[in-house]
Structure formats: structure tokens, C-alpha cells
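Architecture and fold: a report
Residues per chain are reported as follows:
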Amino acid sequence: MYRQATLRLSGPSLSALKMRQKSSTPINTIIMFVPQQEAWVVERMGKFHRILEPGLNVLLPIVDRVKYVQSLKEIAIDVPKQSAITSDNVTLSIDGVLYLRILDPYYASYGVEDPEFAITQLAQTTMRSELGKMSLDKVFRERESLNVSIVDAINKAAAAWGIMCLRYEIRDIKLPSRVHEAMQMQVEAERRKRAAILESEGVREADINVAEGKRQSRILASEAERMEQINKANGEAAALLAIADARARGLQMVAKSLTAKDGKSAASLAIAEQYVGAFQNLARQNNTLILPQNVGDVSSLVGQAMAIYQTISSTTNGNDLVKESLRNGTMKTDDLAGKIDDLRSNSLPADTDGESTRKSS
């Protein structure tokens with residue numbers, strides 16, 4: 001009777017549904033064995049009497065009858081495809097899977113005529129209502145929240161039926177062909193945009209690296225040049241100091257040699273050698289020469305050079321004597337002018353060389 005009523009109420013609207021096949025109600029054999037995870041609703045003389053528990057049960061013949069058999073297992077129901085319109089006026093074709101469980105066999109038997117049909121219809125209407133609140137992009141981004149919203153809405157309505165909806169999963173979403181093409185173009189444009197951005201960032205990073213490398217190379221080159229100049233200056237300073245030190249030592253040695261025996265003869269020989277060497281180089285470098293009148297008289301030139309040396313020595317010694325006399329008080333300031341004139345007259349050498357003549361080579 002229950003099975004016939006179910007088929008009559010469903011009609012053509014349930015022809016496409018994959019409904020769970022219900023087993024026929026068992027016949028009262030007085031001793032009844034109820035399987036695990038099933039609940040048998042027993043009526044006595046057409047009125048609800050009790051629910052048989054799994055295991056051995058005893059019924060009265062004729063007056064007791066098993067009216068409904070409810071499965072307490074989790075049931076999966078296919079929700080057929082249906083059309084829904086989003087908030088941005090896009091028509092979607094969507095289907096899903098509904099998972100439910102009967103918690104109260106009494107309300108599931110007497111609270112609703114066909115629990116599965118009622119839950120399926122409620123899931124479809126709730127899904128259309130929730131999709132109407134979302135845009136197309138939000139449907140794909142918030143698919144999980146959409147499932148939760150549908151489950152909450154189903155549980156509020158199915159509480160009076162003794163049924164609890166465990167979860168709802170959207171299985172397939174089909175878009176119109178034009179919308180699908182537009183989304184593909186949008187995805188391609190987004191990928192091209194990302195590629196362009198990544199390429200530009202790569203070029204920018206490369207330019208930055210090249211500029212940084214050039215800057216570092218210039219800094220290192222300037223540092224190297226600075227260190228080179230510092231080292232060069234230090235080397236030149238050290239060379240000048242070494243030359244000056246060698247010059248000072250050489251002058252000290254020359255001074256000691258001049259004070260020794262035959263020192264003046266050695267100085268005369270050195271001056272004569274330098275004189276001959278100087279005349280050898282004059283003709284190689286210049287076209288115009290200034291020569292003394294007696295070029296061949298080397299002895300007179302050496303004597304003149306030694307006279308100049310003696311004059312410088314005597315002048316230096318005279319100045320030292322004047323300073324010492326002034327310091328000791330043995331000489332007055334008035335006598336200083338006369339002494340200076342005497343030193344000057346004695347220091348001037350006699351003009352024995354004659355006038356110089358200019359010759360053109």
C-alpha cells in the first residue's frame with residue numbers, strides 16, 4: 001500500500017529520478033526478525049503501536065501489521081539537473097548529490113508521505129534560491145559555502161520529518177556556450193597579463209642587476225686607481241727621500257774628501273772631466289753655442305772653478321767670523337760695513353778668461 005501510494009504521488013515528476021528501491025513490507029508471521037540498521041513501524045488495528053528494534057520481536061496475528069520499513073543508514077540521493085539564474089542573469093544547469101539519514105522513524109513515516117521526494121524537491125528549490133543570491137564568479141569561488149547554505153536550509157525544513165541532511169555536493173555546473181567562451185577568453189587574457197608582468201619584472205630585474213654590476217665595477221675601479229695613486233705617491237716620496245739621503249751622504253763624503261790631503265787635486269780633476277763631457281754634449285743638442293775665448297786652455301778653466309770654490313768657502317768663513325765677532329762683542333756695528341767690502345773685494349776673481357765670443361755652428 002505504501003509503495004503504491006509513493007508511485008501514485010510521484011507520477012511523471014519522479015520518472016527521471018533514481019529513487020532508492022524500497023523493500024516490500026514484511027508479512028506478520030508472529031515471530032519477526034528485524035535486521036540491523038532498520039526500523040519497522042507496527043500498526044495495531046490501523047493505529048501506530050510501536051517500532052520494532054533489530055533482533056527478535058513477537059507480533060499478534062491479524063491485529064498487528066508492519067506498515068513502514070525505514071532504513072537508518074546514510075542514504076545518497078541524486079538531485080537531477082535543473083536550471084538556475086544567478087544574480088548577474090546567467091543561466092546555469094546544475095545538479096548534485098544529497099546525503100541524508102533518518103533519525104526518527106515515526107516522523108519519517110507519518111510526518112511526510114515520501115521523504116526522499118520531499119528532500120529532493122527541497123534541495124532543488126533551496127539550490128535555486130541560493131544561486132539567485134550569487135554572481136557567476138562567486139558561484140565558482142564559494143562553492144563550499146553554497147553547499148553549506150543548502151544543507152542548513154534543508155535541515156531547517158526537514159527537522160519536522162525526522163530526517164537530517166548530512167551534506168550536499170554540487171556535482172556538475174554547465175554554462176551556456178557563449179558564457180563558456182567568454183570565460184575562456186578571460187582566462188587567456190589573464191594568463192597573457194601575468195606573462196607580460198613576469199616578463200617586464202624579469203627585464204627590470206636584469207637592468208637593475210646590470211646597473212648594479214656597473215656601479216660596483218666603477219667603485220672598485222676608482223678604489224683601485226686611488227690605491228694605485230697612493231702607492232705611486234708613496235713610492236715617489238720614498239724615492240725622493242732616498243735620493244736626498246744619498247745626495248746628503250755624497251756631499252758629506254765629498255766634504256770629507258776635500259779636507260783630506262790632495263783633495264783639491266781630485267776636485268780639479270773631476271771639474272776638468274765634467275768640462276770636457278759638457279762640451280761633447282753641447283754640439284749634439286743645440287745649433288747656437290756660447291763659448292769662452294780660450295776653449296782649449298783647460299788648466300785656466302779648472303783654476304777659475306777652484307777660485308770660485310775658494311771664494312764661496314772664504315765668504316762662508318767670513319760670514320761665520322762676523323757673526324761670531326758680533327756675538328762676542330769684539331766687533332762693532334760700524335766696522336761691519338768695512339769688513340763686508342773687504343770680503344767682497346777679495347772674493348771677486350780676476351778676469352783672466354777675456355770676453356766670450358758667440359759662434360754659430
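In what follows, the accompanying structure is described. These numbers come from a predicted model, not from an experiment.

Attention shifts here to the overall build of the chain. Looking only at helices and strands, the chain has nine helices and ten strands in total. In the chain, which comprises 361 residues, the share counted as buried stands at 25%. In the chain, of all internal contacts separated by at least 6 residues, the share reaching a separation of at least 24 is 67%. When the accessible surface of the chain is totalled, it reaches about 24800 Å², and 56% of it is carbon and sulfur.

Before going further, it helps to examine the pattern of salt bridges. The final tally for this structure, using the stated rule, is eleven salt bridges. In this structure, arginine 101 engages glutamate 74 in a salt bridge whose closest nitrogen and oxygen atoms are separated by 4.0 Å. Here arginine 101, found in strand E7 (residues 91-102), pairs with glutamate 74, found in the loop between strand E5 (64-71) and strand E6 (75-85); they are 27 residues apart in sequence, far enough to count as distant. Assessed through its relative accessible area of 34%, glutamate 74 is described here as partly exposed.

In this section: the packing of aromatic side chains. With the rule as written, the count across this model stands at five aromatic pairs. Look at phenylalanine 48 and tyrosine 106: their rings are 4.8 Å apart centre to centre, the planes differ by 65 degrees, and that puts the pair in the edge-to-face class. With phenylalanine 48 in strand E3 (residues 47-52) and tyrosine 106 in helix H2 (residues 105-110), this residue pair connects regions lying 58 residues apart in the sequence. For tyrosine 106, a relative accessible area of 33% gives the class partly exposed. Pairing tyrosine 68 with tyrosine 110 gives two aromatic rings, centres 5.5 Å apart and planes at 85 degrees, and the pair type is edge-to-face. Placement of tyrosine 68 in strand E5 and of tyrosine 110 in helix H2 is noted, with a sequence separation of 42 residues between them. Overall, the relative accessible area of 12% leaves tyrosine 68 in the buried class. Overall, the relative accessible area of 33% leaves tyrosine 110 in the partly exposed class. These aromatic residues form a ring-pair network of at least three members: Phe48, Tyr68, Tyr106, Tyr107 and Tyr110. Lysine 67 extends its terminal NZ or CZ atom over the ring of tyrosine 68, reaching a point 6.0 Å from the ring centre.

Basis of the calculations
- Residues numbered from 1 in each chain as written.
- Predicted model: local features only at pLDDT ≥ 70, side-chain atom pairs only at ≥ 80, totals over all residues.
- Heavy atoms only, no water.
- Helix = DSSP H or I, 4+ residues; strand = E, 2+ residues; numbered from the N terminus.
- Buried < 20%, exposed > 50% of the residue type's maximum accessible area, 1.4 Å probe, protein only.
- Contact = heavy atoms within 4.5 Å.
- Areas by Shrake-Rupley, 256 points an atom, 1.4 Å probe, with all protein chains shown as cover.
- Salt bridge = Lys/Arg side-chain N within 4 Å of Asp/Glu carboxyl O.
- Phe/Tyr/Trp six-rings, centres within 6.5 Å; stacked < 30°, edge-to-face > 60°.
- Lys NZ or Arg CZ within 6 Å of the ring centre and 35° of its normal.

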